[in-house]
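This is what each chain is made of:
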Amino acid sequence: MNNSWNRIIYRFWSPIYDRIFNSGVFLKARRQIFQQTPFKSGQKVLFVGVGTGADLELINPSDLNITAIDFSPDMLHRATEKFKDSSIEFLEMDAQNMTFENETFDYVVASLILSVVPDSDKCFAEMTRVLKKTGKIIIFDKFASKGQKLSLQKKLLRPLIKVLGTDIGLNFEKLYHENNANLTINEDEKVMMNGMYRKIVISKIS
């Protein structure tokens, strides 16, 4: 995966994305995550890799100061059209190289983005950088099973699925331990597909 290829592949995904990832078990999982998230009025919230805005449909954006970024102009356009009468600030931006100041946001929401970007370490580091000291990162994504090696089937499928724009072999534990100098995990919950998809909440250590 690289940024140029991701622009191309998500031009293809954008018309059908909601039918797959904002319906059925995915919609149920998203609802579960955001019904349990205690956003407070006026907080600054960053949605990293907002896609078509599926997550935004499950909260009350008028209560929050929301910034939503995506590297794909096609995906971002669909999200913008859904919320064209809202105060949400939509920006075309690379999640691996954000232009925000340090410690800007109360919450950073990262749904299905770490497994998509070419460099998950850079993306994770950037999310940490822009998070306030009292803030939290909410991750919803697919990861390799804890403490287990990838099966032969997944090893064979992984390169092919990467061509389609996502990684089925990302190891969150490795990602976290390489970037956790001042972080702690508050929640780590299996959400769907026998724990392949997880909700992880992270905060900074005061």
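Each remark here, short or long, concerns the structure printed above.
Structure report, in brief. Since we're looking at a predicted model, the values are computed, not measured.

## Things to note about the overall build of the protein chain
So, point 1. For the protein chain, the count of helices and strands is seven helices and seven strands.
So, point 2. Along the chain direction, N to C, the helices and strands of the protein chain fall in the order α-α-α-β-β-α-β-β-α-β-α-α-β-β.
So, point 3. Counting over 206 residues, the protein chain shows a buried share of 50%.
So, point 4. By sequence separation, contacts in the protein chain at least 24 residues apart represent 65% of the contacts at least 6 residues apart.
So, point 5. With the model as given, the accessible surface of the protein chain reaches about 10300 Å², and the carbon-plus-sulfur share is 51%.

## Examining the environment of Ile202
So, point 1. Locating Ile202 in the fold gives a position in strand β7 (residues 197–204).
So, point 2. Distance from Ile202 to Glu187, taken between C-alpha atoms, is 7.1 Å for residues 15 residues apart in sequence.
So, point 3. Among all residues touching Ile202, those that are not within four sequence positions of it are Phe124, Gly135, Lys136, Ile137, Ile139, Phe172, Tyr176, Leu183, Thr184, Ile185 and Asn186.

## A look at the sheet that holds strand β6 (residues 183–192)
So, point 1. What the seven strands build is an open sheet, ordered β3-β2-β1-β4-β5-β7-β6; its pairing is mixed. If you trace the sheet from one side to the other, it starts and ends with β3 (89–92) and β6, each paired once. Direction aside, the axes of adjacent strands within the sheet are offset by 15° on average.
So, point 2. By the bridge criterion, seven bridges tie strand β5 (residues 131–142) to β7 in an arrangement that is antiparallel. Residue pairing in the sheet places Ile139 in a bridge with Ile200 of β7.
So, point 3. Along the sheet face, helix α5 (residues 120–130) touches β1 (44–48), β4 (105–111), β5, β6 and β7 and points at about 150° away from the line of β5.

## Section: the nonpolar core
So, point 1. In terms of nonpolar packing, the biggest core is built from 30 residues, with Phe47, Leu56 and Phe140 touching the most fellow members.
So, point 2. Secondary structure elements with two or more residues in this core: α2 (17–21), α3 (24–35), β1, β2 (65–70), α4 (73–82), β4, β5 and β6.
So, point 3. The element that contributes the greatest number of residues to this core is α3, accounting for four residues.
So, point 4. Phe100, Phe105, Phe124 and Leu175 belong to the second-largest nonpolar core, a separate cluster that totals 28 residues.

## Digging into the side chain of Ser115
So, point 1. Here Ser115 is to be found in the loop between β4 and α5.
So, point 2. With a relative accessible area of 1%, Ser115 lands in the buried category.
So, point 3. There is a polar contact of 2.6 Å between the side chain of Ser115 and the side chain of Asp141.

## Describing the side chain of Arg30
So, point 1. Of note, Arg30 is situated in helix α3.
So, point 2. Setting aside its immediate chain neighbours within four residues, Arg30 contacts Tyr17, Phe21, Asn22, Ala54, Asp55, Leu58, Ser111, Leu112 and Phe140.

## Concerning the environment of Met93
So, point 1. Summarising the element assignment, Met93 is placed in the loop between β3 and β4.
So, point 2. Taking the relative accessible area as the measure of exposure, Met93 reaches 10% and is therefore buried.
So, point 3. When the C-alpha atoms of Met93 and Leu76 are compared, they prove to be 10.0 Å apart, with 17 residues separating the residues in sequence.
So, point 4. Contacts of Met93, omitting those with residues within four sequence positions, involve Ile69, Asp70, Phe71, Met98, Thr99 and Phe100.

## Side note on the pairing of β4
So, point 1. By the criterion of burial, β4 is predominantly enclosed, with seven of the seven residues buried.
So, point 2. As paired elements, β1 and β4 share four bridges and run parallel to each other. Counted as the bridge partner of Leu46 is Val108 from β4.
So, point 3. With six bridges joining them, β4 and β5 adopt parallel strand pairing. Paired with Tyr107 across the strands is Lys136, a residue of β5.
So, point 4. Remark: the β4/α5/β5 crossover connection has right-handed handedness.

## Focus on the packing of aromatic side chains
So, point 1. A complete count under the given rule lists eight aromatic pairs for this structure.
So, point 2. For the pair Phe39 and Tyr107, a centre-to-centre distance of 4.9 Å together with 80° between the ring planes defines the contact as edge-to-face. Here Tyr107 lies in strand β4 and Phe39 lies in the loop between α3 and β1, a separation of 68 residues in the sequence.
So, point 3. Each ring, one from Phe124 and one from Phe172, has its centre 6.5 Å from the other, and the planes form 75°; the classification is edge-to-face. With Phe124 in helix α5 and Phe172 in helix α7 (residues 172–177), this pair connects stretches of sequence that are 48 residues apart.

What counts, and where the lines are drawn
Residues numbered from 1 in each chain as written. Predicted model: local features only at pLDDT ≥ 70, side-chain atom pairs only at ≥ 80, totals over all residues. Heavy atoms only, no water. Helix = DSSP H or I, 4+ residues; strand = E, 2+ residues; numbered from the N terminus. Buried < 20%, exposed > 50% of the residue type's maximum accessible area, 1.4 Å probe, protein only. Contact = heavy atoms within 4.5 Å. Areas by Shrake-Rupley, 256 points an atom, 1.4 Å probe, with all protein chains shown as cover. Pairing = 2+ DSSP bridges. Axes fitted to C-alpha atoms, helices over the stretch in contact; angles between N-to-C directions. Core = buried A, V, L, I, M, F, W, Y, C linked by side-chain atoms within 4.5 Å. Polar contact = N/O pair within 3.5 Å; in protein donor to acceptor, adjacent residues only side chain to side chain. Right-handed = clockwise from strand over helix to strand, strands pointing away. Phe/Tyr/Trp six-rings, centres within 6.5 Å; stacked < 30°, edge-to-face > 60°.

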